[in-house]
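For reference, the chains in residue letters:
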Amino acid sequence: MTDYEGFHIIYSVMLLVLVGSALISYRLPLKQTVKMAIVWVLIFAIGVAVVYGIENVFNLDAVSETPASDDGSQGGAYV
């Protein structure tokens, strides 16, 4: 895991704590608070999954496209 990913995880946890403290401050019944907390966790999890998915789709640095060599073999070796 890179530092960049670590910061994303820390940021996500901080946002969850912020939302959780807002839910607690409303003093709603425990059952309703737990439901709302689960929904918020799912929203953040989906958001993080989408961000990582988009990042992987557009990460074109992983493949180096090289032209075919003189012996006729194909290029495109993985770096």
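All of these numbers come straight from a predicted model, not from anything done at the bench.

Asker: Would you explain the overall build of the chain in this entry?
Answerer: Counting secondary structure elements, the chain contains two helices and zero strands. Here the chain holds 79 residues, and the buried ones make up 8% of them. In the structure as shown, the chain presents an accessible area of about 6900 Å², 69% of it carried by carbon and sulfur atoms.

Asker: When you look at a nonpolar patch on the surface in this model, what are you seeing that I'm missing?
Answerer: Nonpolar side chains collect at one region of the surface, where Leu 30, Val 34, Ile 38, Leu 42, Ile 46, Val 50 and Ile 54 lie side by side and expose about 670 Å² of accessible area between them. Inspection of the secondary structure puts Ile 38 in helix H2 (residues 30-57). Take Ile 38: its relative accessible area is 47%, and that puts it in the partly exposed class.

Asker: Would you take a moment to explain the environment of Leu 15 for this structure?
Answerer: Structurally, the position occupied by Leu 15 is in helix H1 (residues 3-25). With a relative accessible area of 24%, Leu 15 lands in the partly exposed category. Along the chain, Leu 15 and Trp 40 lie 25 residues apart, while their C-alpha atoms are 9.9 Å from each other.

Asker: How should the packing of aromatic side chains be read in this particular structure?
Answerer: Aromatic ring pairs are described here by two measures, namely the spacing of the ring centres and the angle between the planes. Following the criterion strictly, the structure yields one aromatic pair and no others. Taking 6.0 Å as the distance between ring centres and 35° as the angle between the ring planes, the aromatic pair formed by Trp 40 and Phe 44 counts as tilted. Taken together, the residues Trp 40 and Phe 44, both in helix H2 and four residues apart, mark about one turn of the helix. Looking at Trp 40, the relative accessible area reads 34%, which means it is partly exposed.

Rules used throughout
- Residues numbered from 1 in each chain as written.
- Predicted model: local features only at pLDDT ≥ 70, side-chain atom pairs only at ≥ 80, totals over all residues.
- Heavy atoms only, no water.
- Helix = DSSP H or I, 4+ residues; strand = E, 2+ residues; numbered from the N terminus.
- Buried < 20%, exposed > 50% of the residue type's maximum accessible area, 1.4 Å probe, protein only.
- Areas by Shrake-Rupley, 256 points an atom, 1.4 Å probe, with all protein chains shown as cover.
- Patch = residues over 30% accessible without salt bridge, like charges linked within 9 Å, V, L, I, M, F, W, Y side chains within 5 Å.
- Salt bridge = Lys/Arg side-chain N within 4 Å of Asp/Glu carboxyl O.
- Phe/Tyr/Trp six-rings, centres within 6.5 Å; stacked < 30°, edge-to-face > 60°.

Take it as geometry only, folks, not as evidence of what the structure does.
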